[in-house]
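So you can see what is in the structure, the chains are spelled out below.
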Amino acid sequence: MVGEHPQPHTVQDLWRLVYEKRVPVWTLLHTLPLHLLNYPGVVPSEEPQTVGYLVIQLTGSQVFNYFTEYYVEITAPKLSSSGCHKCVLLVMEGWPHSDLLPASPEPLLAVLERVEAISKVKNSSLFTCKDGVTGCGVMMALLQLVARMKLVQEVDVYRSVLSIVYDRPQFITSVEQYDFLHTAAICYLNAFNVYKNFT
């Protein structure tokens with residue numbers, strides 16, 4: 001699942017989506033300056049806070065090389081049978097909201113690996129970026145690209161992009177994004193030492 005970074009009037013909707021769909025990982029791809037009032041912070045406080053009918057609380061965090069994980073518990077006290085949902089809020093570093101692409105593929109590949117490790121069903125994860133397409137499109141294409149490399153041992157950026165732009169053409173719109181995905185494929189092969197599978 002993908003979406004736009006929450007705005008003041010949509011924060012409640014996204015947290016409700018995470019809770020109702022039992023989303024295990026919510027990844028924020030873009031680094032947004034704190035002074036941007038249209039894009040409020042998402043990381044909750046350690047004190048329980050009420051968002052609509054939900055109560056959200058931060059229970060811990062851990063810093064990694066390219067991202068920080070925040071561990072969040074969500075409850076709905078008014079719905080006695082709903083129980084508690086635990087979610088990882090993963091905040092990626094190094095992709096300013098004003099840049100079309102991050103400086104290198106390493107942060108995205110690290111995030112992809114971590115999301116797959118946490119979430120047993122990749123489609124249940126949530127990715128958000130500044131506008132819902134600039135960052136999410138590259139991430140979705142990278143997911144398809146890596147999956148194809150693992151499944152059929154084939155590096156095919158064109159087909160990976162085609163599989164996502166069929167539903168949403170705005171996901172990939174520039175040659176720079178294609179070039180970045182090619183670089184990401186090379187980086188993935190080097191980092192995970194799977195080149196021998198393609199010979």
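Computed from a prediction, not measured in an experiment: that's the story for all the values here.

Engineer: Give a detailed account of the overall build of the chain, specifying residues and quantitative values.
Structural biologist: For the chain, the count of helices and strands is five helices and seven strands. Put simply, the chain runs from its N terminus to its C terminus through helices and strands in the order β-α-β-β-β-β-β-α-β-α-α-α. Once local pairs closer than 6 in sequence are excluded, the contacts in the chain between residues at least 24 apart make up 63%. Element-wise, carbon and sulfur atoms account for 52% of the exposed surface of the chain, whose accessible area totals about 10500 Å².

Engineer: Can you tell me about helix H1 (residues 11–20), naming the residues and giving the values?
Structural biologist: Three or more residues of H1 are buried, namely Val-11, Leu-14, Trp-15, Val-18 and Tyr-19. End-on view of H1: buried residues confined to an arc of 140 degrees, all on one side of the axis. Arg-22 sits one or two positions beyond H1 and adopts a positive phi of about 55 degrees.

Engineer: Could you give an account of the sheet that holds strand S7 (residues 126–129), with specific residues and numbers?
Structural biologist: With mixed pairing, seven strands are arranged side by side in an open sheet as S1-S7-S2-S6-S5-S4-S3. Each having just a single partner strand, strand S1 (2–4) and strand S3 (49–51) make up the two edges of the open sheet. Between one strand axis and the next, the sheet turns through 30 degrees on average, direction left out of account. Here H1 sits on the sheet and contacts S1, strand S2 (25–28), S3, strand S4 (54–63), strand S5 (67–75), strand S6 (85–92) and S7; the angle it forms with S5, its principal contact strand, is near 80 degrees. Its contacts with the sheet put helix H3 (residues 134–152) on S1 and S7, and the angle it makes with S7 is roughly 140 degrees.

Engineer: I'd love a proper account of the packing of helix H2 (residues 106–118) against H3, names of residues and values included.
Structural biologist: Closest axis-to-axis distance for the H2/H3 pair is 11 Å, and the angle between their directions is 70 degrees. By the angle class used here, H2 and H3 are roughly perpendicular. Between H2 and H3 lies a crossing of right-handed hand. Contacts between H2 and H3 involve Leu-108, Leu-109, Val-111, Leu-112 and Glu-116 on the former and, on the latter, Val-138, Met-139, Leu-142, Leu-143, Val-146 and Lys-150. Among the residues making up the contact of H2 with H3, the classes are represented as nine nonpolar, no polar and two charged.

Engineer: Tell me about unusual backbone geometry, residues and numbers included.
Structural biologist: The residue Arg-22 is not glycine, and still its phi comes out positive at about 55 degrees. Assignment of secondary structure puts Arg-22 in the loop between H1 and S2. Under the relative-accessibility criterion, Arg-22 is labelled partly exposed at 35%.

Engineer: I'd like a description of helix H4 (residues 157–165), backed by residues and values.
Structural biologist: Structurally, the α-helix is built with 3.6 residues per turn, so residues lying three or four positions apart point the same way. Here H4 has its buried residues at Val-157, Ser-160, Val-161, Ile-164 and Val-165. The buried side chains of H4 occupy one side of the element, clustering within an arc of 120 degrees when seen end-on. The backbone nitrogen of Tyr-158 lies 3.3 Å from a side-chain oxygen of the residue at the head of H4, namely Asp-156.

Engineer: Go over the environment of Ala-110 with me, naming the residues and quoting the values.
Structural biologist: Here Ala-110 lies in helix H2. Linking Ala-110 and Phe-67, residues 43 residues apart in sequence, is a C-alpha distance of 8.4 Å. The residues touching Ala-110, leaving out its near neighbours within four places in the chain, are Tyr-66 and Phe-67.

Engineer: Any chance you could break down the pairing of S7 for me, citing the residues and the numbers?
Structural biologist: Going residue by residue along S7, you find Leu-126 and Thr-128 tucked away on one face and Phe-127 and Cys-129 tucked away on the opposite face as well. Here three bridges tie S1 to S7, and the two strands are oriented parallel to one another. Counted as the bridge partner of Gly-3 is Thr-128 from S7. As paired strands, S2 and S7 are joined by three bridges and run parallel to one another. Within S7, the residue paired with Leu-28 across the bridge is Thr-128.

Each value, and the rule that gives it
Residues numbered from 1 in each chain as written. Predicted model: local features only at pLDDT ≥ 70, side-chain atom pairs only at ≥ 80, totals over all residues. Heavy atoms only, no water. Helix = DSSP H or I, 4+ residues; strand = E, 2+ residues; numbered from the N terminus. Contact = heavy atoms within 4.5 Å. Areas by Shrake-Rupley, 256 points an atom, 1.4 Å probe, with all protein chains shown as cover. Buried < 20%, exposed > 50% of the residue type's maximum accessible area, 1.4 Å probe, protein only. Arc of directions from axis to C-beta. Pairing = 2+ DSSP bridges. Axes fitted to C-alpha atoms, helices over the stretch in contact; angles between N-to-C directions. Parallel < 35°, antiparallel > 145°, perpendicular 65-115°, else oblique. Left-handed = near helix turned anticlockwise from the far one by under 90°. Nonpolar A, V, L, I, M, F, W, Y, C, P; charged D, E, K, R; others polar. Polar contact = N/O pair within 3.5 Å; in protein donor to acceptor, adjacent residues only side chain to side chain.

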